[in-house]
Structures are given as structure tokens and as C-alpha cells.
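# Chains, contacts and geometry: an overview
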Amino acid sequence: MTTEAPAPHAHLSPSESVLNSVYQSAERLQLSPEVVDLLRTSWREVQAQLPVRMDDRKLRIFEGYRVQHNGARGPYKGGVRFHPQADLDEVRALAMLMTYKCALMELPFGGAKGGVMCDPTRMSDTELNRLTRTYTQHIGMVLGVSRDIPAPDMGTNAQTMAWMMDAYGQKYGHTPGIVTGKPVELGGSYGRDQATGRGVAVCMRQYAIMERADPRDLKVVIQGYGNVGSWTARIASEMGFRIVGVSDVKGGIANPDGLDIASLDAWFAVAGSVAGFEGGEPVTNEHLLELECDYLVPAALGEVITEENAPRVRARAVIEAANHPVTPPGDEVLAARNIPVLPDILVNAGGVTVSYFEWTQNIQQFRWSLEMVNSELEKRMVAAFHELMARAAQDGTLPRQAAFDIGVERVGRAILLRGFV
Ligand code: GLU
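Note that the coordinates shown come from a computational prediction; the quantities given were computed from them, not determined experimentally.

About the criteria used
- Residues numbered from 1 in each chain as written.
- Predicted model: local features only at pLDDT ≥ 70, side-chain atom pairs only at ≥ 80, totals over all residues.
- Heavy atoms only, no water.
- Helix = DSSP H or I, 4+ residues; strand = E, 2+ residues; numbered from the N terminus.
- Buried < 20%, exposed > 50% of the residue type's maximum accessible area, 1.4 Å probe, protein only.
- Pairing = 2+ DSSP bridges.
- Axes fitted to C-alpha atoms, helices over the stretch in contact; angles between N-to-C directions.
- Salt bridge = Lys/Arg side-chain N within 4 Å of Asp/Glu carboxyl O.

## Things to note about unusual backbone geometry
We note that Arg-57 has phi near 75°; this positive angle belongs to a residue other than glycine. Examined against the element boundaries, Arg-57 turns out to sit in the loop between strand S1 (44-53) and strand S2 (59-70). With relative accessibility at 59%, the residue Arg-57 sits in the exposed group. Located in the positive-phi region is Glu-106, a residue other than glycine, with phi close to 55°. Mapping Glu-106 onto the fold places it in the loop between helix H3 (88-104) and strand S4 (111-116).

Shown next, in the form of C-alpha cells:
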């Protein structure tokens, strides 16, 4: 089996892009080829046919997956994505990212991801409920509180987790710790819904402190106004950052003086989109990524910054709130232009970190206060941020390389200690 990185400008699939970073780390860390071979593929991949009776009584067959990448450090952990592009390769890439994200954050988990190829925005709640239950029935045998614990991701939310928990419980008995990101009423953790955005904002503030800059002097552009983008906007603007542009699938808005996030939220609640908000000028999604700003925060889909548009990015730094929003060739362009990229496996790790808190609360049958969740989250994000920056400075590497070096090193060590090879 080859462990060579593909040619840098070949078009890489999502999993090849992640492996690109893993191979580079393995080389720097001088990991044995046997360990690298273990990391190259998933430990287990479940692919299932999901027949669902739609509201019009027609039967539709969806394709669903659960990919368990590596469990050397603990039970598999990772979200479930409902999205038309959630194919097996994409889910595999996201599972790998979870392995290194959990290792970087020192959470006692391995990495997994689930996905169903569907468009949840075009399905009714009853259809989504049936699809979620069918999916859970088909992958239930590989789940478990000490085995694999799903959570929300793009296109899924606390309601989806409630359905999953219920479907799992009907077969195996009431098991709140089987999923995280549940509604608070059903054993979810305070602060889980906002956790990813809070982690993004905390990272951004640490970066500003490192630059000796005052958030009030910093302009931030956010692509995406779903769970991650909207909470990032709210919390970052509370911290004083000036949010000068936001967008969602329907379009974007920009205002160099700063958008009023409370009014934007009120508009969004009615219009279902940031597009059309009167407190700014309309801008397209493509143009949004090229707005002049200090920090650019892609918080939606993967692969939005490529070698094609990276030359036009006018931010001083890119903060990756989405998973793999910058392609490896895009990364090279940004590096050549001296635009630092804070990597996804650090920046968006707030979600899985509070998932870890939720899981421990479920196991202990005890509830933490919101203050405790937020302060523990902040402590862990700040510690990981400094560890990563110190490693990058020590080794002369880019932040993404340092993040993967820390993650891959920890996973490699666990593999050896367990005697997998
Ligand atoms: N889906 C989130 C992520 O990509 C959270 C995963 C989790 O909480 O397990 O990190």
C-alpha cells in the first residue's frame, strides 16, 4: 500500500484531502508505515439502504452511512449529516477529521461520522422523523454508549437526536448517552446548541489577543448562517468584533460599519434567510469570500476556498468554522500569500467538546450549569489553541500542520500502546 501524498495539484476527493495532511504529519513524526496504513482506511463502514414512506405515500430509498474511522483513543464519536452531498467519501473524510479533532482536544474518543444523502429542507417533519428512525434501526448494532455516540451535524439538530435516542431506546432500552446534542429536556447539556459557535468565537478572540488587537477594531466576515455561523456571529459580536458580512444559501449582506446582529436575527426569524436584510448591502456568496476584512470565517460547506478564489481573498486570516472549507491547493495559495489559516479541527471543536460534557453528564446522571459548561469549554479551547500555536512556533509549521501533528501523534501512540500493530 502506498502512503505517498498525491501530486499537490491533482483534484483530491474530500478523504484524499484529509489524508494529505495525515501523510505529511506521519512523515514529520516518522510514524511507521504500518501505523499509517491503519490510519489510511476506516475501521468499519456501514452503508445502508433506507426505505422511507413519504407523505405522498410513495416509497423513497435513501442511502445512509456510518463510518467509524479509528477508535484507538476511545468510543467512536461524530455527527450525522443530512445533505445531498453526503456521499461515502465525504462522510469518510469527516470521520477522519473527528479522529484528529478529538485527539487534539484530548477528548477520550475516536472518530466517526454518519450521513444520509437527502435534502432535509425539502422534507416534512414526519418524513424526517421516519427517515431518522429507519437510519437508527439500520446502524443501531454498531452504536453504543461505550462504542459509538452520534451527534448533530449539517442538516440535523436536537430534534433529530431526540428521534434517534427514542428509536434506539425502543430496541435497547432507555439510553440517553447514546447520542449527544439532544434537547435539554431529554438529557441534553446546557450550552450544546451554541457550543461550536462559542468555540469559534473563543479561538478568534485568542487569535486577536495574540495579535495584540482589540476585537472592536477587527472586521469579521462569516459565510453561513446556520447553527455554527449564527452563534459565531452572536457571540463574536458580544465580544466586540465587528461583523461586516454574512451569507447563507439564499444570498448575503455586507456593511463595513458592522451589522446589527440582534436586528439581523429578528429579520432571519421572519424571512428564513439573511438575504434581504435592510441593515446592509446585498452581496453574493462568492463575493462575500472576497470582501476586505480581518478574519474570514467559512462556516458552511467544505471546499469553498480553492486555488481559483484564494488569490482574491482579502482577509488577514482565515478561521475555519466549517469542516475542510479550504482545499489543499487553496491552502498553498493562502500560505504563499502569508494568510494564516486556523484549522477546522481546532476552530470547530467546541461542539464535540460540549458533546463530551453531555456524555459525561448522562453517564453520571448529573447536570452542569450553563456557566460551568461555558467556562470548561473556554478553558479547553484556549489550552488547545496555545498548545497548537506553541507547536507551530517550535517546529516552524503552519497551524494546520501543527494541529495534525498533535492529533496524529496522539492517535499513533494509542495505536502502539493498544498493540494494534
Ligand atoms: N458534528 C460536529 C463536528 O463536526 C460535532 C460532533 C459531535 O458532537 O460528536 O465536530
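## Looking at the sheet that holds S1
Sheet architecture is open: 5 strands sit in the order S1-S2-S4-S3-S5, paired in mixed fashion. Looking at the sheet topology across the chains shown, the edges are occupied by S1 and strand S5 (148-152). Strand-to-strand twist in this sheet, taken as the mean axis angle between neighbours without regard to direction, amounts to 20°. In this sheet, S4 lies alongside S2 in antiparallel orientation, the contact comprising 6 bridges. Within the sheet, the bridge partner assigned to Val-67 lies in S4 and is Lys-113.

## Examining the pattern of salt bridges
A complete count under the given rule lists 27 salt bridges for this structure. Salt-bridge contacts for Glu-45 lead to Arg-92; the nearest nitrogen and oxygen are separated by 2.6 Å. In this pair, Glu-45 is assigned in strand S1 and Arg-92 in helix H3, connecting sequence segments 47 residues apart. A relative accessible area of 24% places Arg-92 in the partly exposed class. Glu-376 is paired through a salt bridge with Lys-379; the nearest N and O atoms lie 2.9 Å apart. Taken together, the positions of Glu-376 and Lys-379, both in helix H13 (residues 370-395) and 3 residues apart, correspond to about one turn of that helix. Classification of Glu-376 by relative accessible area gives partly exposed; the value is 22%.

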